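Architecture and fold: a report
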There are 4 protein chains.
Amino acid sequence: MKKMKEKEQVLGNLCLAVEILKKSKSFVRIIPEVRTNIVYCLQNAKDVGDVAGIHGRITNIEDYPFPSGYPGFGASDHLARKILEIRRYNPEYRAAVNFIYTKELGKWLKKYCRKNGIIYGGIDRTKEPKRISKIEKGSMPWKVKEAIKSAGGKIPEIFYEANAPGKEDLTVIIGKSATSVAKRAVKIAKAFEKDSLSLKMNFLS
Amino acid sequence: MKKMKEKEQVLGNLCLAVEILKKSKSFVRIIPEVRTNIVYCLQNAKDVGDVAGIHGRITNIEDYPFPSGYPGFGASDHLARKILEIRRYNPEYRAAVNFIYTKELGKWLKKYCRKNGIIYGGIDRTKEPKRISKIEKGSMPWKVKEAIKSAGGKIPEIFYEANAPGKEDLTVIIGKSATSVAKRAVKIAKAFEKDSLSLKMNFLS
Amino acid sequence: MKKMKEKEQVLGNLCLAVEILKKSKSFVRIIPEVRTNIVYCLQNAKDVGDVAGIHGRITNIEDYPFPSGYPGFGASDHLARKILEIRRYNPEYRAAVNFIYTKELGKWLKKYCRKNGIIYGGIDRTKEPKRISKIEKGSMPWKVKEAIKSAGGKIPEIFYEANAPGKEDLTVIIGKSATSVAKRAVKIAKAFEKDSLSLKMNFLS
Amino acid sequence: MKKMKEKEQVLGNLCLAVEILKKSKSFVRIIPEVRTNIVYCLQNAKDVGDVAGIHGRITNIEDYPFPSGYPGFGASDHLARKILEIRRYNPEYRAAVNFIYTKELGKWLKKYCRKNGIIYGGIDRTKEPKRISKIEKGSMPWKVKEAIKSAGGKIPEIFYEANAPGKEDLTVIIGKSATSVAKRAVKIAKAFEKDSLSLKMNFLS
């Protein structure tokens, strides 16, 4: 009974998070080719069935983010496994959202995080040992360790994941709830849009 | 903060209720022309902004129920006002779902409810005083009073609403949560389908 | 082969018609409780399987019209049968769209049609003979005859259908293609919104 | 006027192609992380605005392919530019659809194509000259040339594109219409599913 209430609260928080993302024209500019997912898990999540995400992910339709389906448990695999692994270090983290990573965005985000007191890190997958990447779905523990190492031993709240062969580079935000990571993602999208516009204006002048 | 959690729990329960309806091919047969909505409100709901429903309602697409949009507060008007009025008599009722009413279904439902210990009632809107129906959105208090009267003074958990000029006849199920009214609606849809099929088979033999 | 091309052209025209409706915030104000459908049929349409409509109809989501599903043949029943019956009088009419009817809108539309040279008519279903309305789906021939009678013997391009017990009053626009009826519907929605706003401002002053 | 009809025919053919994909549970297994798109262009297509695709791409929802949005011109960028480049060699090709590529699938597809008389090719992007890949959206002419080279000078109707840093490996089918590439994609998905299942059964025994 208590678990059912918690499940409902998780799905409802995802509804509100989608609402936040949907309204942001800026966010659409950082939706990756693989599309954005946003996940939020139960307090005692053990496996991907305890992690809720958006069925079909969040895509872009005519300049706005658009959820292809409803929130549901088991709707995410990759991002779900990522948050589960992170929780082995700190179970307070229960949510994650992803978007594009480019060198330009990474450089900007590093500064943004320093200014705003957010721990930032990154995973360079060229460093990944071959014996790990060979195993289907075997990279996650190494990746999270690497992200923590990149942030000087702390769990980074924002980190990129780049240079894996055949995988799109991505940025991930982790946090305590789906709405909190959604809010942060929209804030970042807006600030980056504004700054990259003024950057372009500098080029022009 | 506590209210936010409650809001999330309400939206999440609606996600689960939609999931229940979506899987039922039988339910699609009782979706009305005006389409089905399902609502669930906060414990201390005061107005339609405290009642969540499905944006765009639940329609039928290729033989399955399909939610046009996400759950959201303020997404329903008519059904929202109905549950708010019912709550003046018993605030334990927080959810409602609607579907078709026909004389055949009504007759069947009356029996079904008697057999299953469910209080059944109905509103015949030809009895509605003209001075009431004239007022925009003014009928609700009269309608709920009438439904209670029809059930011998008790609040009927299932009731029809029929014979209003320009309005489709509908059946309404009320209950304590969106999932509970969805489950009951699907159960009824299945039982009615089965019984009306055997009815037809009797005709044929 | 030729018929396949025609089918594709019909579905594509419906895609464009939905595009037109979707952008109109004014149109959302005249979407009825039963939701809007828009149909377009093959040149030699014989039955509802030759008429394409929008699966799940067009609903309103957060202030914009929104198609619940894709265009498809057989997706409409009622409006499909209406255009088929009208085509018995003039097969050039291949498309129809519907929206709300109220006395206020009807009065306004009558003037609007006169000013713009559009033939307007209406069906008062209280006049319908009982022996007809008893037959399931039997009313269509009478209704179309009545609409033509109301317009002095001509097929009205816009007509209302009102006062049927248990049915929402509706306005219908017929035309040669889905895009043409969609454009006219949006134009009317905008003009009516503008005029009814200035009407309200008159009341206030 | 004639161009309008052609536009409608293109959009309608995409509606039918989506219908074909939607029904295939097998196809869902080969939808890539970047999601599937399907494009179809006008006979005299000059730029991406003359190529129609599916807004938001085709994703997977609860074991079925699901189009996030409607067909529309300009809805695709990458796949649109690919078909435009291929048309420089043979303008009869007007449609394309993409899905996953893995070594296992590639090996199987090569055999499948030989058996069925389909020209098969592939692009290994590790061979791409650096001066080309540096230019934003500059790779297309090289890629199509490479695909043709890989197929012994003929345009391959099915080809993979692999080993680009930060890009998911993909298979592409090209053809004369959206429905024809959709049908072929579903046929392949089914045959591959069947064969890979029997492969697994061999492993088990």
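The structure presented is a predicted model; accordingly, all values stated were derived computationally and were not measured.

**Things to note about the overall build of chain A**
A tally of regular secondary structure across chain A gives 7 helices and 9 strands. The C-alpha radius of gyration of chain A comes to 17 Å, within 12% of the 17 Å expected for a compact globule of 205 residues. Counting only C-alpha atoms and orienting by the principal axes, one finds that chain A spans roughly 60 × 40 × 30 Å. Here chain A holds 205 residues, and the buried ones make up 57% of them. Counted over contacts in chain A with a minimum sequence separation of 6, partners at least 24 positions apart contribute 68%. Carbon and sulfur atoms provide 53% of the accessible area of chain A, an area that totals close to 10000 Å². Positive and negative side-chain charges of chain A, numbering 40 and 22 respectively, have mean locations separated by a distance of 4 Å.

**Regarding the relation of the copies chain A and chain C**
For the pair of chain copies, the relating operation is a rotation around an axis with a shift along it. In screw terms, the move from chain A to chain C is a rotation of 180° and a rise of 0.0 Å along the axis, fitting with an RMSD of 0.0 Å. As the rotation angle and translation indicate, the two copies are arranged about a two-fold axis.

**Focus on the environment of Gly 74 of chain A**
By secondary structure assignment, the location of Gly 74 of chain A is in the loop between strand S5 (71-73) and helix H3 (78-87). In this structure, the C-alpha to C-alpha distance between Gly 74 of chain A and Asp 50 of chain A, residues 24 residues apart in sequence, is 6.9 Å.

**Here we look at the interface of chain A and chain D**
As a measure of interface size, the accessible area lost when the parts come together is often cited. The interface of chain A with chain D comprises 18 residues on the first partner and 18 residues on the second. Both sides together, the interface formed by chain A and chain D hides about 1300 Å², and carbon and sulfur atoms give 52% of it. Contact with chain D buries surface across chain A, with Arg 57, Ser 68 and Gly 166 of chain A losing the most and accounting together for 30% of the total. One salt bridge connects Arg 57 of chain A with Glu 33 of chain D, and the closest N-O pair in it is separated by 2.7 Å. Per-element tally for the side of chain A that touches chain D: the top contributor is strand S3 (residues 58-61) of chain A, with 3 residues. In the side of chain A that touches chain D, the residues fall into 4 nonpolar, 7 polar and 7 charged.

**A closer look at the relation of the copies chain A and chain D**
With an RMSD of 0.0 Å, chain A superimposes on chain D once it is rotated by 180° and translated 0.0 Å along the axis. Here 100% of the contact residues of chain A are again contact residues in chain D; the copies associate through an equivalent surface.

**Re the sheet that holds strand S7 (residues 120-124) of chain D**
All names here are of chain D. Ordered in space as S5-S2-S1-S6-S9-S8-S7, the 7 strands form an open sheet in which the pairing is mixed. In the strand order of this sheet, the two ends are held by strand S5 (71-73) and S7, each with one partner. Across the sheet, the mean angle separating the axes of adjacent strands is 20° when strand polarity is ignored. For strand S1 (residues 38-41) and strand S6 (residues 95-100), the ladder comprises 3 bridges, and the chain directions are antiparallel. Bridging across to S6, Tyr 40 finds its partner in Ala 95. Across the sheet, helix H6 (residues 140-150) lies against S7 and strand S8 (158-162), angled at about 135° from S7, the strand it touches most.

**Digging into the sheet that holds strand S6 (residues 95-100) of chain B**
Hydrogen bonds between backbone groups are what pair the strands of a sheet, and the pairing can be parallel or antiparallel. Residue and element names in this part refer to chain B. Taken together, the 7 strands give an open sheet; going across it, the order is S5-S2-S1-S6-S9-S8-S7, and neighbouring strands pair in mixed fashion. In this open sheet, the two strands that pair with only one neighbour each are strand S5 (71-73) and strand S7 (120-124). Within this sheet the neighbouring strands show an average axis-to-axis angle of 20°, counted without direction. Pairing of strand S1 (residues 38-41) with strand S2 (residues 51-54) involves 2 bridges; the strand directions are antiparallel. The residue of S2 that forms the bridge with Tyr 40 is Ala 52. Against the sheet, helix H1 (residues 2-22) contacts S1, S2 and S5, and its axis sits at roughly 155° relative to S1.

**So, the state of the cysteines**
Counted by the stated rule, this structure contains 0 disulfides over all chains. No disulfide involves Cys 15 of chain A; its nearest neighbouring cysteine sulfur is the one of Cys 15 of chain B, lying 3.4 Å away. Of the residues examined, Cys 15 of chain A reaches a relative accessible area of 3% and is grouped as buried. Here Cys 41 of chain D is not cross-linked by a disulfide; its sulfur's nearest cysteine counterpart is in Cys 15 of chain D, at 17 Å.

**What about the pattern of salt bridges?**
Summed over the entire model, instances satisfying the criterion amount to 56 salt bridges over all chains. Where Lys 22 of chain A meets Glu 62 of chain C, a salt bridge forms, and the shortest distance between an N and an O atom there is 3.6 Å. Of the two residues, Lys 22 of chain A sits in helix H1 (residues 2-22) while Glu 62 of chain C sits in the loop between strand S3 (58-61) and strand S4 (64-67), which places them in two different chains. Since its relative accessible area comes to 34%, Glu 62 of chain C is described here as partly exposed. Between Glu 85 of chain A and Arg 88 of chain A there is a salt bridge, with the nearest N and O atoms lying 3.6 Å from each other.

**Details of the side chain of Thr 36 of chain C**
Residues and elements named next belong to chain C. Mapping Thr 36 onto the fold places it in the loop between helix H2 (25-28) and strand S1 (38-41). Owing to a relative accessible area of 0%, Thr 36 belongs among the buried residues under this scheme. When residues no more than four places from it in sequence are discounted, the contact partners of Thr 36 are Phe 27, Ile 31, Arg 57, Ile 58, Val 97, Asn 98 and Phe 99.

About the cut-offs
Residue numbers restart at each chain and count upward from 1, following the sequence in its written direction. Chain A is the first chain written and ligand 1 is the first ligand written, with later ones labelled in order. In view of the model being predicted, local features appear only for residues whose pLDDT reaches at least 70, and side-chain atom pairs are presented and counted only at 80 or more, with totals across whole chains, interfaces and linings using the full set of residues. In computing side-chain values, all of the structure's heavy atoms are included and hydrogens and water are not. Runs of H or I in DSSP of at least four residues are treated as helices and runs of E of at least two as strands, each being numbered from the N terminus. Only the C-alpha atoms count toward the radius of gyration. The rule for a globule is 2.2 Å times the residue count to the power 0.38. For the exposure calls, accessible area comes from a 1.4 Å probe over protein chains only, and a residue counts as buried if that area is under 20% of its type's maximum, exposed if over 50%, partly exposed in between. We call two residues contacting when some pair of their heavy atoms lies within 4.5 Å. The accessible surface values rely on the Shrake-Rupley method and a 1.4 Å probe; as for residues, cover is taken only from the protein chains in view. Residues counted as positive are Lys and Arg, residues counted as negative are Asp and Glu, and His and the chain ends are not counted. Every charge is mapped onto a representative atom, which is NZ of Lys, CZ of Arg, CG of Asp or CD of Glu. Copy-to-copy superposition: least squares on the C-alpha atoms, limited to residues that have pLDDT of at least 70 in both copies. What counts as buried area is the accessible surface, traced by a 1.4 Å probe, that two parts surrender upon association, with contributions from both included. Take a side-chain nitrogen of Lys or Arg and a carboxyl oxygen of Asp or Glu: if they are within 4 Å of each other, that pair is a salt bridge. Think of it as three bins: nonpolar holds Ala, Val, Leu, Ile, Met, Phe, Trp, Tyr, Cys and Pro, charged holds Asp, Glu, Lys and Arg, and polar takes everything else, Gly as well. Being paired, for any two strands, means DSSP has found at least two bridges between them. Axis geometry follows a simple rule: fit a line to the C-alpha atoms, using only the stretch in contact for helices, then measure angles between N-to-C directions, giving values from 0 to 180 degrees. Note on terminology: disulfide denotes any pair of cysteine sulfur atoms within 2.5 Å.

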